[in-house]
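Chain residues, written in single-letter form:
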Amino acid sequence: MLKLSQIACLALLSLLGLIPVLLAAQEKPTAPAPPPPRPQFFAGTVTDVNPGHVTVSRTLFGHPPEIRTFIVKPQTKTNRTVRVRSRVTVRYQSLPDGDVALEIQVRSQPKAPPKPS
């Protein structure tokens, strides 16, 4: 037969084995990562085009001109060739490294100057 001290020792050991389980249950779960920022849109006229970025300017009545530069990556979709003075709509995401263009929709191309006769 087990003595009372042996029973108390077994009970104490089983309680000690449950302490890590109880502590793990009390820990707060880590917060999930925030979702990526939602895409936004910016429409205007292209003022500068380089392989790594495109600059678009827009003017709203009663407001000063707003100029934005977007990072263009190989994954950026375009429906036509982007040229200076083209009217475009840019779908982009604001990320820590800058505004990244996801899609550039060219609305109209600049008209070619008339040829001298």
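Going by the structure above, here's the rest.
Residues numbered from 1 in each chain as written. Predicted model: local features only at pLDDT ≥ 70, side-chain atom pairs only at ≥ 80, totals over all residues. Heavy atoms only, no water.

Caption draft 1: The sheet that holds strand β3 (residues 66-78), seen in detail. A barrel is described by the order of its strands in space; here five strands give the closed sequence β1-β2-β3-β5-β4, paired in mixed fashion. On average, each strand axis in the sheet is tilted by 55 degrees relative to the strand beside it, whichever way the strands run. By the bridge criterion, six bridges tie strand β1 (residues 40-50) to strand β4 (residues 87-95) in an arrangement that is antiparallel. Among the inter-strand pairings, Gly44 is bridged to a residue of β4, identified as Val88. (Pairing = 2+ DSSP bridges. Helix = DSSP H or I, 4+ residues; strand = E, 2+ residues; numbered from the N terminus. Axes fitted to C-alpha atoms, helices over the stretch in contact; angles between N-to-C directions.)

Caption draft 2: Spatial organisation of the environment of Arg107. Examined against the element boundaries, Arg107 turns out to sit in strand β5 (residues 98-108). Separated by 63 residues in sequence, Arg107 and Gly44 have C-alpha atoms that sit 9.7 Å apart. The contact partners of Arg107, leaving out residues within four places of it in the chain, are Arg80, Arg87, Val88 and Thr89. Among the polar contacts made by the side chain of Arg107, one reaches the side chain of Gln105 at a distance of 2.5 Å. (Contact = heavy atoms within 4.5 Å. Polar contact = N/O pair within 3.5 Å; in protein donor to acceptor, adjacent residues only side chain to side chain.)

By themselves, these are just geometric observations and shouldn't be taken as functional.
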